[in-house]
Amino acid sequence: MPMLLLTGATGNIGRELTRILDADGIEFRALVRDSTRAEILPLSAEPARGDLDDPAALQHAMIGVTTLFLLVQGMGLNHTRNALAAAEHAGVGRIVLISSAHVLVEPLPAMGSWHHAREELVRASGIPATILRPGGYMSNALEWIPAVRAGEAILDPSGPGRYAPIDPADIAAVAAHCLTTPGHEGAAYHLTGPETLTIAEQVAILSRIINRNIKIREAVTPEEVVAARFPNGAPPRLAEALVEGFAILRAGVVSTRTDTVAELLGRPAHTFADWCEAHRSAFTD
C-alpha cells in the first residue's frame, strides 16, 4: 500500500478525505501546524507536526511517503515550491493537487492565475500528478450562518449568475479514488455538483430544509459582500480577486456543469439539498 501524506487535512476537503481513508483502512500521515488540531483527525492518522512554511519539517514529514495530497491556500507560490522540493527529495512518486475551475475561465482571473501557476510548478517537478479542478464549494454557504441565526438577510452579489456548487465530500471522494487507484496520472478533472443554481435558489433550498424563512438582499455590490466577509479588512489582492470573482459569476461565465464526479465514483454527485440535510444542525443549533 502507498504511504500518503495529506496537506490541508483539517480543512473542509481534508476532514472528509481523512474519514474516507480511515474507513477504507488506508494508512496516511497528516501534516498539521497545530498539534491541538490533530485531535479532530481519525485515530488511524499519523500526525506530522509542521507547515508548508517550514522546509525542514516538510522533509521530515515526507520520509517514506509515496503519494502526496497537495492543497495550498492563499495567493503565493512558496508553499507549493516548498512542498514540491520536499517531495522530490523524498522520491514521492505521485501527487494529487487541488486546483480550481477558475483556471478554465478566459481571460484568466486572478484566482485562476494563482492556481494555474501552482499547476505549472507541479508539472515542472516531473512528479506524475493528477489535478482536480473543483468549482464553487457548497460549504461556502456556512458563511451564511450568522445571518440565518440572527434572522438577517443574506447578501447576494451575483443575482442571475449560476454555477454548479460541489460538496467538499465529493471532492474528497474523488481525491481518495485518485490517490489509491492507478490510471489518473496526467489527468485534470473538472469537478462540479449536478445542478446549476443561483444564490437565491440555494437560499430557497436551505430555507426549505431547515424550515426557516431566510431573506435575501439582492443588488448588493461585491465590495459590500467582501466587507461583510472580512469585517476587519481583507488583503487588497484577495479583496480584488473576490470582487472579480463575483463579477464573473454574475455574468454567468462559470455556469458549466460536469458529470465527472459520477463518472469517476460510479454514483451521483451530492445535490445542494443533500449537503443542506447533512449540515442542518450548523444552521439551527
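Notes on the structure in this doc start here. (Residues numbered from 1 in each chain as written. Predicted model: local features only at pLDDT ≥ 70, side-chain atom pairs only at ≥ 80, totals over all residues. Heavy atoms only, no water.)

**Focus: the overall build of the chain**
Phase 1: In terms of helices and strands, the chain carries twelve helices and nine strands.
Phase 2: On C-alpha atoms alone, the chain measures out to a radius of gyration of 19 Å, which is about the 19 Å that the 2.2 N^0.38 rule sets for 285 residues.
Phase 3: Seen through its principal axes, the chain has C-alpha atoms that stretch 50 × 40 × 40 Å.
Phase 4: Counting across all 285 residues of the chain, residues that qualify as buried make up 48%.
Phase 5: If you sum the accessible surface of the chain, you get close to 13100 Å²; carbon and sulfur atoms cover 52% of it.
Phase 6: Averaging the positions of the 23 positive and the 32 negative side-chain charges in the chain gives two centres separated by 3 Å. (Helix = DSSP H or I, 4+ residues; strand = E, 2+ residues; numbered from the N terminus. Rg over C-alpha atoms; globule rule 2.2 N^0.38 Å. Buried < 20%, exposed > 50% of the residue type's maximum accessible area, 1.4 Å probe, protein only. Areas by Shrake-Rupley, 256 points an atom, 1.4 Å probe, with all protein chains shown as cover. Lys, Arg positive; Asp, Glu negative; His and termini not counted. Charge placed at Lys NZ, Arg CZ, Asp CG, Glu CD.)

**Regarding helix α8 (residues 222-229)**
Phase 1: Among the residues making up α8, those that are buried are P222, V225 and V226. Summarising the axial view, the buried residues of α8 lie within an arc of 100°, below the 170-degree limit, and thus occupy one face.
Phase 2: Buried positions along α8 lie against β7 (154-155) and α9 (236-250). (Arc of directions from axis to C-beta. Contact = heavy atoms within 4.5 Å.)

**A few points about the pairing of strand β5 (residues 94-98)**
Phase 1: Most of β5 is tucked away, with five of its five residues classed as buried.
Phase 2: Every second residue of β5 is oriented toward a common face, with R94, V96 and I98 on one face and I95 and L97 on the other, all of them buried.
Phase 3: Summarising the sheet, strand β4 (residues 67-70) and β5 pair through four bridges and their orientation is parallel. Each bridged residue has a counterpart across the sheet, and for T67 the counterpart in β5 is R94.
Phase 4: Handedness of the crossover is the feature at issue here: the chain leaves β4, passes through helix α3 (residues 78-90), returns alongside β5, and the resulting connection is right-handed.
Phase 5: Here β5 runs beside strand β6 (residues 129-134); their pairing, made up of four bridges, is parallel. The residue bridging I98 from the neighbouring strand is L132, located in β6.
Phase 6: The β-α-β motif built from β5, the intervening helix α4 (residues 110-125) and the parallel element β6 has right-handed crossover chirality. (Pairing = 2+ DSSP bridges. Right-handed = clockwise from strand over helix to strand, strands pointing away.)

**Let's talk about the packing of α4 against α9**
Phase 1: Running from amino to carboxyl end, α4 crosses α9 at an angle of 115°, the nearest separation of the two axes being 8 Å. As the angle between them shows, α4 and α9 are arranged roughly perpendicular. Contacts between α4 and α9 pair A110, M111 and W114 from the former with R237, L238, A241, L242 and E244 from the latter. (Axes fitted to C-alpha atoms, helices over the stretch in contact; angles between N-to-C directions. Parallel < 35°, antiparallel > 145°, perpendicular 65-115°, else oblique.)

**Re the packing of aromatic side chains**
Phase 1: Applying the stated rule across the entire model yields two aromatic pairs.
Phase 2: Taking the centre distance of 5.8 Å and the plane angle of 15° together, the rings of F272 and W275 count as stacked. Highlighted residues: F272 and W275, both in helix α11 (residues 272-278), separated by three residues, approximately one helical turn.
Phase 3: Among the residues examined, W275 registers a relative accessible area of 1% and is labelled buried.
Phase 4: Ring geometry for W275 against F283: centres 6.2 Å apart, planes inclined by 75°, an arrangement best described as edge-to-face. Each member of the pair, W275 as well as F283, carries the same accessibility label: buried.
Phase 5: Members of the aromatic cluster, connected to one another through ring pairs, are F272, W275 and F283. (Phe/Tyr/Trp six-rings, centres within 6.5 Å; stacked < 30°, edge-to-face > 60°.)

**Quick look at the pattern of salt bridges**
Phase 1: Under the criterion given, the structure shown has 13 salt bridges.
Phase 2: A salt bridge links D170 to R267; the shortest N-O distance between them is 2.8 Å. Taken as a pair, D170 in helix α6 (residues 168-180) and R267 in the loop between α10 (260-265) and α11 lie far apart in primary sequence, 97 residues in all.
Phase 3: Note that R257 and D259 form a salt bridge whose closest N and O atoms lie 2.6 Å from each other.
Phase 4: Bridged by salt links that share partners, the residues E119, E120, R123 and R133 form one connected network. (Salt bridge = Lys/Arg side-chain N within 4 Å of Asp/Glu carboxyl O.)

**Points about the sheet that holds β4**
Phase 1: Pairing is parallel in the open sheet, where seven strands are placed in the order β3-β2-β1-β4-β5-β6-β8. One side of each edge strand has no neighbouring strand; the edge strands of this open sheet are β3 (46-49) and β8 (188-191). Across this sheet, the average inter-strand angle for adjacent strands is 20°, counted without regard to direction.
Phase 2: Alignment of β6 against β8, held across four bridges, turns out to be parallel. When the bridges of β8 are listed, L132 appears paired with Y189.

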